[in-house]
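Each chain, letter by letter, is given below.
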Amino acid sequence: MKPPEPPGTNPHADKLEQQLHYPLGHTLPTPGTAVTVAPGVKWLRMGLPFALNHINLWLLRDEIDGQPGWSVVDCCISSEPAKAQWEQVFADELDSLPILRVIVTHMHPDHIGLAHWLCERWQVRLWISATDFGLARIGSQGPGGFSSDAAAAFFALHGLTDPNSLEKIRGRGSYFSTLVPAVPRQYRRLQDGDVLTIGGRAWLCISGYGHAPEHISLYCAELQVLIGGDMMLPRISTNVSVYDQEPESNPLRQFLDSIDKFKALPAQTLTLPAHGKPFTGLHARIQQLHDHHDERLLEVMQACTVKPCSAAELLPLLFKRALDLHQTTFAMGESIAHLHALWFEGRLQRRLGDDGVYRFGAGAGL
Ligand SMILES: [Zn+2]
């Protein structure tokens, strides 16, 4: 995800945002407190020590096996400040009732980091897709889980050849497991089309691809509320990246196809995003995201028609501002994603150069 700019600093984003509506205005929950956004649905917002500085989490009033309580949707990273915010929520926002289950939309650290702690503390089950459960379990094993050497080699193959940057990427082997030190050993599987009964209301699981392996959003028709996770954000566009574990993936196509599934939901649906504020204007936002990526694809196509380009060579075109190393790795993943979308369509071909770098071009120019 690109870090959000404050309103007023990006006129284009401001203009698009005017097509959306924020029913709660400028209301934001303060750390440790909740704001009710729909009957039985509470909004929590916790701080993150990143450029993207917060995540929204949700409390759903529930009852399981006759026991009243709450279901949690998403957890925040594993950190002492996050645990302290949760403790305040337990004390002030649960009406003296317990947490009954922990639902996680996908395996990224800001969503699953504290799942093990919440499940352990309340002795409850983690609910998540099988794919994201498996990958989070692998990542939480430490440097032996996700390979930072493989990540560096993959970025080098796509033109990130600066030895300094590659050395730093190789040194990040514990990045995931620092934020997600453990994942429960057991889970309850969520799949597309499953219907969960939460607090007597039906919530439909909607799978989404291209951002995480198998992201699950939740939709309640009775409330016309969509918990969109990272698949439907206002203002900022969801990160869509190719990763070294699946080096020939086409996540941009998967993402665009996935968000089209939300077109079947009513126009007045209140979307609860993982970042930013609850909004209406779902159908407009779907179109904006298509337009955004279509523009990027056109720019990439034009550049690669002039001369074959690597993903690294496209960074100044796709990202007009200076990037730190962390942002560069995200940007590389996105750049490869746009190249792969065109490659899968047959509009670009790729060649491995004598310098060991993939370049993508069109026609005779390659
Ligand atoms: Zn995510």
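One can find the structure itself at the top, above this paragraph.
Residues numbered from 1 in each chain as written. Predicted model: local features only at pLDDT ≥ 70, side-chain atom pairs only at ≥ 80, totals over all residues. Heavy atoms only, no water.

For the protein, the helix and strand inventory stands at 12 helices and 14 strands. Radius of gyration (C-alpha) of the protein: 21 Å, near the 21 Å computed for a compact globule of 366 residues. Looking at the protein as a whole, 55% of its 366 residues are labelled buried. Restricting to contacts in the protein with at least 6 residues of sequence separation, those with at least 24 account for 66%. When the accessible surface of the protein is totalled, it reaches about 15300 Å², and 53% of it is carbon and sulfur. Taken together, the 31 basic and 38 acidic charged side chains of the protein have centroids lying 1 Å from each other. (Helix = DSSP H or I, 4+ residues; strand = E, 2+ residues; numbered from the N terminus. Rg over C-alpha atoms; globule rule 2.2 N^0.38 Å. Buried < 20%, exposed > 50% of the residue type's maximum accessible area, 1.4 Å probe, protein only. Contact = heavy atoms within 4.5 Å. Areas by Shrake-Rupley, 256 points an atom, 1.4 Å probe, with all protein chains shown as cover. Lys, Arg positive; Asp, Glu negative; His and termini not counted. Charge placed at Lys NZ, Arg CZ, Asp CG, Glu CD.)

Turning to the sheet that holds strand β5 (residues 99-103), a few remarks are in order. Read from one edge of the open sheet, 7 strands run β1-β2-β3-β4-β5-β6-β7, paired in mixed fashion. In the strand order of this sheet, the two ends are held by β1 (35-38) and β7 (188-189), each with one partner. Here 3 bridges tie β1 to strand β2 (residues 41-47), and the two strands are oriented antiparallel to one another. Its bridge partner being in β2, Val-35 is matched across the sheet by Trp-43. Sheet strands in contact with helix α2 (residues 80-92) are β2, β3 (54-64), β4 (67-73) and β5, and its direction is about 150 degrees off that of β2. (Pairing = 2+ DSSP bridges. Axes fitted to C-alpha atoms, helices over the stretch in contact; angles between N-to-C directions.)

In this section: the sheet that holds strand β8 (residues 195-198). Judged by pairing direction, the sheet is mixed, and its 5 strands sit side by side in the order β8-β9-β10-β11-β12 without closing on themselves. What marks the edges here is a single partner per strand, and that holds for β8 and β12 (270-273). Here the strands of the sheet are splayed against their neighbours by 25 degrees on average, with no regard to which way each runs. With 4 bridges connecting them, strand β11 (residues 225-229) and β12 associate as parallel partners.

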